[in-house]
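Listed below are the residues making up each chain.
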Amino acid sequence: MADAKVIPFDDDRSRARRRPGRPEEPSGAGPGGPAAVRALPGAREVPDEAPAPEPVAEPGTEETGRAGWERKLAGGLAFLRRRVTGEYEVDEFGYDAELTDQVLMSLLRPLYEKYFRVEVKGVGNIPEKGGALIVANHSGTLPLDGLMMQVAVHDHHPAGRHLRLLAADLVFVLPVVNELARKAGHTLACAEDAERLLKAGEVVGVMPEGFKGIGKPFSERYKLQRFGRGGFVSTALRAGVPIVPCSIVGAEEIYPMIGNAKTLARLLGLPYVPVTPTFPWLGPLGMLPLPTKWTIEFGEPIPTDGYPPEAAEDPMLMFNLTDQVREQIQHTLYKLLVQRRSVFF
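In this text, all values refer to a predicted model and were calculated from it rather than measured experimentally. Numbering of residues starts from 1 in every chain and runs along the sequence as written. Totals for whole chains, interfaces and linings use all residues, but because this is a predicted model, local features are given only for residues with pLDDT of at least 70 and pairs of side-chain atoms are given and counted only at 80 or more. In computing side-chain properties, one takes all heavy atoms of the structure into account and sets aside hydrogens as well as water.

(A) Highlighting the overall build of the chain. The secondary structure content of the chain amounts to nine helices and eleven strands. Accessibility here uses a 1.4 Å probe with only protein chains present; expressed as a share of the type maximum, an area under 20% marks a residue as buried, one over 50% as exposed, and anything in between as partly exposed. Of all 345 residues assigned to the chain, the portion counted as buried reaches 45%. In this analysis, two residues are considered to be in contact whenever any of their non-hydrogen atoms come within 4.5 Å of each other. When contacts within the chain are restricted to residue pairs at least 6 apart in sequence, those whose partners lie at least 24 apart make up 78%. Accessibility throughout is a Shrake-Rupley quantity obtained with a 1.4 Å probe, and a residue counts as covered only by protein chains that appear here. On the chain, roughly 18400 Å² of surface is accessible, and the fraction owed to carbon and sulfur atoms is 60%. Secondary structure elements are taken from DSSP: a helix is a run of H or I of four residues or more, a strand is a run of E of two residues or more, and numbering for both begins at the N terminus.

(B) Region of interest: the confidence of the model for the chain. Residue-level confidence of the predictor is summarised by pLDDT, bounded by 0 at the bottom and 100 at the top. Looking at the chain, the pLDDT average stands at 84 and 81% of residues meet or exceed 70. Note on residues 11-40: pLDDT is under 50 here. Beyond four places in sequence and across chains, it has 60 contacts. Counted against residues more than four places away or in other chains, residues 42-57, with its pLDDT under 50, gives two contacts.

(C) Main features of the pairing of strand S11 (residues 295-298). Both faces of S11 are covered, namely the face carrying Thr295 and Glu297 and the face carrying Ile296 and Phe298. Two strands pair under a simple rule: DSSP has to find at least two bridges between them. As paired strands, strand S3 (residues 119-121) and S11 are joined by three bridges and run parallel to one another. By the bridge assignment, Glu119 is partnered in S11 with Thr295. In terms of strand pairing, strand S8 (residues 243-249) meets S11 through four bridges, oriented antiparallel. Bridge assignment links Ser247 to a residue of S11, and that residue is Glu297.

(D) Local environment of helix H5 (residues 191-199). Residues of H5 that are buried: Asp193, Ala194, Glu195, Arg196, Leu197 and Leu198. Turning to H5, the residues buried within the fold contact strand S4 (132-136), strand S5 (163-167), strand S6 (187-188), strand S7 (203-206) and helix H7 (231-239). Remark: Gly201 follows H5 within two positions and exhibits a positive phi of approximately 90 degrees.

What follows is the structure, given as C-alpha cells:
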C-alpha cells in the first residue's frame, strides 16, 4: 500500500523524545514517505472557479434512488482507491479524518443511536471554532463512554467538530486497539500533546478519573473519584482555552461491576479484571453491554483566557478550578439521575 500524506501541526519537526502511544511515523506512512504540509484545522482553500452543479433528478422518481446508489458506490470506490494508493492524509498523531468520518463513526453510530439511544444536551456550549478542553466523568468497566462522547460531538455539534480523546498508556500497547485509537484521533494523555492539540484549535477530551473511575464497583456508581492533581486545568490555562464540563449518565450500568479478580489482573498486567452478573458466567455472551439509556450533557464553559501566563503554576488556582469542574459535573450527574425515568427507558 502506498504511503499516506502526513499533516504536521507546524513546520518544527524536532521533538525532544517520543513517548509510548506516539508512533515514530503516523499510522499509514512508511519510511521516507512524502509529507504534505496543510493549513491548521479551520482553514479552507478557495477554488478559482466554482464547479458546475451536477444535475439532480426529480424527487420521488426511480432516477433519484438510482442516482443515490450510484453516488454512494462511486464514493465507496473512490475511498478504496485512496486507501490503496495512499492518497489520504493523517496528522502527526496518526489521526485519519476520512477513515474516522466514513468508517469508524459509521460503525459506532448504531450502538449510539439504536442500542444506548443517547440523548445529547448542551452541545452548543462547545465553541464553534478554536480549542476547547472537554472534561467528563468516566465509568462503565470498558471505556465506551469516551467513544459515545466522540460520536455526540461529531454528529450533533453545529460546526461538526471532531473530538480528540486523551487515552491511557494501556490503549496504545493493545494490538488492533492501538491502531484504531490513533486513526480515530486519540493520543497519549500527556500535557505536551494535549497542549499542542489545543493550541492548534482542536477540541480535546479528557476523563481525569482514569482507571479509578472506569473500574470502580457498582456500589459507588455516579460518585466521582479524585481528579488527580489538576493537570488538565494547567494545560487549559497554558493554551488559553475554555474548559467544558461533561456529565454522562447511563454508562455506569452497562457492566455492573460486583467484583474484581485482583490476582488475575496482576498476572495479566491489567488494572482490574471485572466480575459482573453476566461475566465470566455466560462466557463471551457476558461481554455484551446492557442496553441502558444514556444522556450526555455538556455544561457551561469555564473560561481560562483571563488568567495571566504564570497562573498555570499556581497550585491554589489549580485546586480551585479542578474542584469547580468536578463539582459542576457531580451536580449535573445528580440532576440527570433525578430526571431519569428508568435505567433502560
